[in-house]
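Letter by letter, the chains look like this.
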Amino acid sequence: MTARRHYGVIAMLAAMALSGCMVGPNYKAPAVPAPPAYSDDGHNGDWAAARPSDAVDRGEWWTIYRNAELDGLEQRCAAANQSIAAALHAYDQAHDLVRENRASLYPTVSIGASASRDRISNTTPLRPAGSAADYWEFLIPLNISWEPDLWGGVRRQIESSAANAQASAANLADTRLSLQGMLAVTYFQLRGLDLQAQLLRSTLDTYTQTLDLTQVLRKGGLNTEIDVQEAQAQLEETRAQLVDLGVQRAQYEHAIAVLVGVPATGFHIADQPLTGDPPSVPTGVPSELLQRRPDIAAAERQVAAANALIGVAKAAYYPNITLGAGGGVESDMASQVFNSGSAQWNAGPSASEILFDAGRRKAQVNYALAQREQATALYREQVLSAFRDVEDQLSALRVLEQEAVVQQRAVDAARRSTGLSLLRYKRGVAAYLEVLTNQTIELSDERAAAALVARRIVASAQLQMALGGGWNSSQLPPN
């Protein structure tokens, strides 16, 4: 075959590779039914109401709480958290794998050089008479090898690795959302403890005044030493509760230190009691959740990656065709290596086909099909879990709002009862036990009300996380 015919064959196979078929199924995202609205819509003020600003990127979703300290901590978390850094490097690896697979579409070119001193055996058959037994061989070969992707196996592999890279990018977004959400929740829980600490300090002042009252009445002979000791015990018990909050607060502080990537030693957040109601969080419609949750996007991309691997497995049923060409220079004298007479070359295609493999390729195709079905099931399960997360937090916000109203009525009633019993005690018509009982109930109700402040804001932060934190699947990098 002449060189021109060689080039013609190569050109024909190249055209086939570029326009060749791709075996295996084309990807279609699994269908997942979504309810038309959340069951708690209309029960949470304007949490579910659509607003023109909903289209604005809410990537920094925590700014809705208007807390400068939290904003700063979130920025530090994004920049220094080691779990986020690890997820970023995982994405880099997945992206590099795409580039590696794409390289398989192109020829491999290699060049080398060698010099060797050889000796021919005196007993070598057909050795020319009088030829030298020792000689030099100088060789500079150039080799080109290309396996055209006629059946689309390489392109399906690229499709799979690209989908995996997008899944890795979504996992990075999900890691960032989870950790920054955890930071917000931990921060609000810490501030909730600060609110309870403020309440206990105020209560200590009140109990100190009550103790002083019992001591004055004791000196006047209007009560007994038992009243004084009960008041003292109540004061010390409340002081112990305040000290105990320090343990929980330190743990929250240390957790925040890890989230922002600094040692817990020496890390401190100043006291600042939590106040206010949770802000409104628009939820949109459930179908939007499929694009707004990075964990859902990651699961869907895993389905796409598994689907492409079916084509990779099916491509193994078709022949492997390789185009090769080699050339270079060879001489027994270094001074003549680059002479025109030292040139050599070869070119031509080769093909191979498996005739019998005892069902190996069929098993590989079935394995790929099962992988896709597994990924599809996991994707649908992730969607159902996401709907549940949103419903959980919407229900929590609704119930906690109602509970806060009822709890505040309980606090108001307890305060009135304590005031009346204290007045009766001062007038000598009630035992101190009545005062003690009412003060204990009042403190319990007030602490429950304070805890609800934190629980409501934490629930709103968890709702933001359940909604994806302003993320959208359009932010996935193209591959």
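Residues numbered from 1 in each chain as written. Predicted model: local features only at pLDDT ≥ 70, side-chain atom pairs only at ≥ 80, totals over all residues. Heavy atoms only, no water.

(A) Quick peek at the overall build of the protein. Counting its secondary structure elements, the protein contains nine helices and five strands. Starting at the N terminus and ending at the C terminus, the protein contains elements arranged as α-α-α-β-β-β-α-α-α-α-β-β-α-α. Taken over 479 residues, the protein has a buried fraction of 39%. Look at the contacts in the protein between residues 6 or more apart in sequence, and 84% of them connect residues 24 or more apart. Of the roughly 25,700 Å² of accessible surface on the protein, 57% is carried by carbon and sulfur atoms. (Helix = DSSP H or I, 4+ residues; strand = E, 2+ residues; numbered from the N terminus. Buried < 20%, exposed > 50% of the residue type's maximum accessible area, 1.4 Å probe, protein only. Contact = heavy atoms within 4.5 Å. Areas by Shrake-Rupley, 256 points an atom, 1.4 Å probe, with all protein chains shown as cover.)

(B) Quick look at unusual backbone geometry. Located in the positive-phi region is Arg66, a residue other than glycine, with phi close to 50°. Residue Arg66 is classed as exposed on the basis of its relative accessible area, which comes to 79%. Its identity as a non-glycine residue notwithstanding, Ala358 has a phi of 60°, on the positive side. Secondary-structure assignment places Ala358 in the loop between strand S5 (343–352) and helix H8 (360–426). Looking at Ala358, the relative accessible area reads 65%, which means it is exposed.

(C) Highlighting helix H7 (residues 294–315). Taking 1.5 Å of rise per residue, the 22 residues of H7 would be expected to cover 32 Å, and the 32 Å separating its terminal C-alpha atoms lies within 8% of that figure. Among the 22 residues of H7, 18 are classified as buried, and the element is accordingly described as predominantly covered. (Expected span 1.5 Å × (residues − 1).)

(D) Molecular detail of the environment of Trp345. Within the fold, Trp345 resides in strand S5. It is 9.0 Å that separates the C-alpha atoms of Trp345 and Pro141, two residues lying 204 residues apart in sequence.

(E) Broad picture of the packing of aromatic side chains. Counted under the stated rule, the structure contains five aromatic pairs. Both rings, one in Tyr65 and one in Phe188, keep their centres 4.9 Å apart while their planes meet at 65°; by these two values the pair is edge-to-face. Highlighted residues: Tyr65 in the loop between helix H1 (3–19) and helix H2 (68–80) and Phe188 in helix H4 (residues 153–219), separated in sequence by 123 residues. For the pair shown, Tyr65 and Phe188 are each scored as buried. Taken together, the ring pairs in this structure connect Tyr65, Tyr187 and Phe188 into an aromatic cluster. (Phe/Tyr/Trp six-rings, centres within 6.5 Å; stacked < 30°, edge-to-face > 60°.)

(F) Inspection of the nonpolar core at higher detail. By size, the foremost hydrophobic cluster in this structure holds 28 residues, and its most contacted members are Trp61, Leu73, Leu183, Phe188, Ile256, Val260 and Phe267. Of all elements in the fold, only H2, helix H3 (82–102), H4, helix H5 (225–259) and helix H9 (432–466) reach the threshold of two or more residues within this core. Here this core takes nine residues from H4, the largest share from any one element. Residue contacts for Val260: discarding those within four places in its chain leaves Leu73, Arg76, Cys77, Ala80, Leu183 and Phe267. The next biggest cluster of nonpolar side chains, apart from the first, holds 23 residues, and it includes Val303, Ala375, Leu394 and Leu452. (Core = buried A, V, L, I, M, F, W, Y, C linked by side-chain atoms within 4.5 Å.)

(G) Quick peek at the pattern of salt bridges. Per the stated rule, a full pass over the model turns up 20 salt bridges. The shortest N-O distance in the salt bridge between Arg156 and Glu159 comes to 3.0 Å. Taken together, the residues Arg156 and Glu159, both in helix H4 and three residues apart, mark about one turn of the helix. The shortest N-O distance in the salt bridge between Arg218 and Glu225 comes to 3.6 Å. (Salt bridge = Lys/Arg side-chain N within 4 Å of Asp/Glu carboxyl O.)

(H) Looking closely at the side chain of Thr210. Checked against the element boundaries, Thr210 lands in helix H4. Overall, Thr210 belongs to the buried group, its relative accessible area being 5%.

(I) Just the packing of H3 against H4, in detail. At a minimum axis distance of 9 Å, the contact between H3 and H4 shows a crossing angle of 170°. Between H3 and H4, the interaxial angle falls into the category roughly antiparallel. The residue inventory of the contact of H3 with H4, partitioned by class, reads 15 nonpolar, eight polar and two charged. (Axes fitted to C-alpha atoms, helices over the stretch in contact; angles between N-to-C directions. Parallel < 35°, antiparallel > 145°, perpendicular 65-115°, else oblique. Nonpolar A, V, L, I, M, F, W, Y, C, P; charged D, E, K, R; others polar.)

(J) Seen up close, a nonpolar patch on the surface. There is a patch of nonpolar side chains on the surface, built from Val109, Ile111, Leu142 and Ile144 and spanning about 370 Å² of accessible area. Structurally, the position occupied by Ile144 is in strand S3 (residues 134–146). Classification of Ile144 by relative accessible area gives partly exposed; the value is 35%. (Patch = residues over 30% accessible without salt bridge, like charges linked within 9 Å, V, L, I, M, F, W, Y side chains within 5 Å.)

(K) The arrangement of the environment of Ala325 in detail. Take Ala325: it is sitting in strand S4 (residues 320–331). Classification of Ala325 by relative accessible area gives partly exposed; the value is 25%. Ignoring anything within four residues of it in the chain, the contact list for Ala325 reads Leu142, Asn143, Ile144, Asn346 and Ala347.

(L) Just the confidence of the model for the protein, in detail. With 89% of its residues at a pLDDT of 70 or more, the protein shows a mean pLDDT of 87. Here residues 43–57 is a poorly scored stretch, pLDDT under 50, and it has 25 contacts once near neighbours within four places are set aside; other chains count. (pLDDT = per-residue confidence, 0-100.)

(M) Geometry of the environment of Gly327. Structurally, Gly327 can be placed in strand S4. Between the C-alpha atoms of Gly327 and Trp345, which are 18 residues apart in sequence, the distance is 3.8 Å. Not counting residues within four places of it along the chain, the set of residues in contact with Gly327 comprises Ile140, Pro141, Leu142, Gln344 and Trp345.

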